Amino acid sequence: MVSTKTSIGAFDFDNCLMNAAGVYCMTRKELEAIESSAAGSFVTKTGTLEARAGNPEPRYSNTDWGSINSMGLPNKGVDYYLDFVTELQEEGGHKNHFLSLVGMSPEETHTILKKVEASNYNGLVELNLSCPNVPGKPQIAYDFETTDAILSEVFSYYTKPLGIKLPPYFDIVHFDQAAAIFNKYPLAFVNSVNSIGNGLVIDDETVVIKPKNGFGGIGGDFIKPTALANVHAFYQRLNPSIKIIGTGGVKSGRDAFEHILCGASMVQIGTALHKEGPAIFERITKELQNIMAEKGYDSIEDFRGKLHYL
Ligand code: RRO
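Now for a quick tour of the structure.

Cut-offs and rules
- Residues numbered from 1 in each chain as written.
- Predicted model: local features only at pLDDT ≥ 70, side-chain atom pairs only at ≥ 80, totals over all residues.
- Heavy atoms only, no water.
- Axes fitted to C-alpha atoms, helices over the stretch in contact; angles between N-to-C directions.
- Helix = DSSP H or I, 4+ residues; strand = E, 2+ residues; numbered from the N terminus.
- Parallel < 35°, antiparallel > 145°, perpendicular 65-115°, else oblique.
- Left-handed = near helix turned anticlockwise from the far one by under 90°.
- Contact = heavy atoms within 4.5 Å.
- Nonpolar A, V, L, I, M, F, W, Y, C, P; charged D, E, K, R; others polar.
- Near = heavy atom within 4 Å.
- Polar contact = N/O pair within 3.5 Å; in protein donor to acceptor, adjacent residues only side chain to side chain.
- Areas by Shrake-Rupley, 256 points an atom, 1.4 Å probe, with all protein chains shown as cover.
- Core = buried A, V, L, I, M, F, W, Y, C linked by side-chain atoms within 4.5 Å.
- Buried < 20%, exposed > 50% of the residue type's maximum accessible area, 1.4 Å probe, protein only.
- Patch = residues over 30% accessible without salt bridge, like charges linked within 9 Å, V, L, I, M, F, W, Y side chains within 5 Å.
- Salt bridge = Lys/Arg side-chain N within 4 Å of Asp/Glu carboxyl O.
- Phe/Tyr/Trp six-rings, centres within 6.5 Å; stacked < 30°, edge-to-face > 60°.
- Lys NZ or Arg CZ within 6 Å of the ring centre and 35° of its normal.

As for the packing of helix H2 (residues 78-91) against helix H3 (residues 106-118)
Turning to step 1, where the next piece is worked out: Between H2 and H3, the shortest axis-to-axis distance is 12 Å and the interhelical angle comes to 20°. One finds that H2 runs roughly parallel with respect to H3. Between H2 and H3 the crossing geometry is right-handed. Contacts from Val 78, Asp 79 and Leu 82 in H2 reach Ile 112, Lys 115 and Val 116 in H3.
Turning to step 2, where the next piece is worked out: Class assignment of the residues belonging to the contact of H2 with H3 gives a composition of four nonpolar, no polar and two charged.

This is the structure:
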């Protein structure tokens, strides 16, 4: 039987497919729907120290080819998500989870991570260094000096497994510079990519979302080539102990297969999950298994990272 199981550090997952942060993860109800689906895990909506209402609506719009959003980090506050993943951990279910978080400032990020460090939660944390939608706050991981300073401080006190959610990079020198920084730290994973920041979608003569006069993060079909490039660029450059989560443009088993071929150990689904709902995990898992069976692969380790070059 073909298996799509995987692992990140010491954490095992029955399936390499899961939601991407921001989709189906705002409330316990949504997270429970992912938990009871064929997904191998879930990640929570990025939590900040205090709950946030986010940007004015409409702030998410589906298009033929994908989506645009400027949610503005609405969330129920990190305690809501920390309590839920801790409860699930203590119930001893077999699925492991990801707690996504970030502060509204580096200081707030450290306050939150110190709270998680002191808590009973021992699972994975995804530090979101790439939200494109909070007016006045740049995407952190485009600023390498600040990113290095945050990670340096984080690993002076944080001892639990932690990875980072990255924006897409578009330049080979930036891949080199980013990877050189990430390789200095005991990261469990990097997750590439967040939405491509600050695109603009127009219907007739008008923008389709209200915040920032229509500017928002792009997801869906168009971001797959960028996502695959980021996954593979980091696969080529990062210490093998730093696993890679591939996110961007996944709506079929073939798309997931390509992310794994580029080096992804897990594959997250955002826009397509928003359109199709949690039943998507069963469909894409079957499609991925069929491709693997045709090719004679029993596990994702048989082809992970083994992209062919000309
Ligand atoms: O909430 C958002 O606007 C948002 C976040 Br935090 C993110 O990381 N990526 C995105 O596309 N939207």
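Examining the site of the ligand
Turning to step 1, where the next piece is worked out: Contacts to the ligand come from Lys 45, Asn 69, Met 71, Gly 72, Leu 73, Pro 74, Asn 128, Cys 131, Pro 132, Asn 133, Asn 194 and Ser 195.
Turning to step 2, where the next piece is worked out: Residue Asn 133 places a side-chain N or O atom 2.8 Å away from an oxygen atom belonging to the ligand.
Turning to step 3, where the next piece is worked out: A distance of 2.8 Å separates an oxygen atom of the ligand from a polar side-chain atom of Ser 195.
Turning to step 4, where the next piece is worked out: About the coverage of the ligand: the protein hides 92% of its 310 Å² of free accessible area.
Turning to step 5, where the next piece is worked out: Its residues assigned to classes, the shell around the ligand shows five nonpolar, six polar and one charged.

Overview of the nonpolar core
Turning to step 1, where the next piece is worked out: Phe 182, Leu 187, Val 190 and Phe 234 are the most contacted members of the largest nonpolar core, which totals 74 residues.
Turning to step 2, where the next piece is worked out: Those residues in contact with Leu 187 that lie beyond four places of it in its chain are Leu 151, Phe 155, Leu 162, Gly 163, Ile 164, Phe 182, Ser 241 and Ile 242.
Turning to step 3, where the next piece is worked out: Within the second largest apolar cluster, eleven residues are counted, among which are Phe 13, Val 43, Phe 98 and Ala 188.

Here's the deal with a nonpolar patch on the surface
Turning to step 1, where the next piece is worked out: Together, Leu 200, Ile 202, Val 207 and Phe 215 make up a nonpolar patch on the protein surface, roughly 340 Å² of accessible area in all.
Turning to step 2, where the next piece is worked out: Along the chain, Phe 215 turns up in strand S13 (residues 215-220).

Structural notes on the packing of aromatic side chains
Turning to step 1, where the next piece is worked out: Tallied over the entire structure, the rule returns 13 aromatic pairs.
Turning to step 2, where the next piece is worked out: Taking 5.5 Å as the distance between ring centres and 85° as the angle between the ring planes, the aromatic pair formed by Phe 98 and Phe 189 counts as edge-to-face. Here Phe 189 lies in strand S9 (residues 189-192) and Phe 98 lies in strand S6 (residues 98-101), a separation of 91 residues in the sequence. Here the two residues Phe 98 and Phe 189 agree in accessibility, since each one is buried.
Turning to step 3, where the next piece is worked out: Measuring from ring centre to ring centre gives 5.8 Å for Tyr 142 and Tyr 169, while their planes differ by 75°; the resulting arrangement is edge-to-face. Highlighted residues: Tyr 142 in the loop between strand S7 (124-128) and helix H4 (144-157) and Tyr 169 in the loop between strand S8 (162-166) and helix H5 (172-182), separated in sequence by 27 residues.
Turning to step 4, where the next piece is worked out: Among the residues examined, Tyr 169 registers a relative accessible area of 3% and is labelled buried.
Turning to step 5, where the next piece is worked out: Through a chain of ring-to-ring contacts, the aromatic side chains of Tyr 142, Phe 144, Tyr 169, Phe 175, Phe 182 and Phe 234 assemble into a single cluster.
Turning to step 6, where the next piece is worked out: For the cation-ring pair, Lys 76 lies above Tyr 80, with the distance from its terminal atom to the ring centre recorded as 5.4 Å.

Any functional reading would require information beyond the geometric quantities listed.
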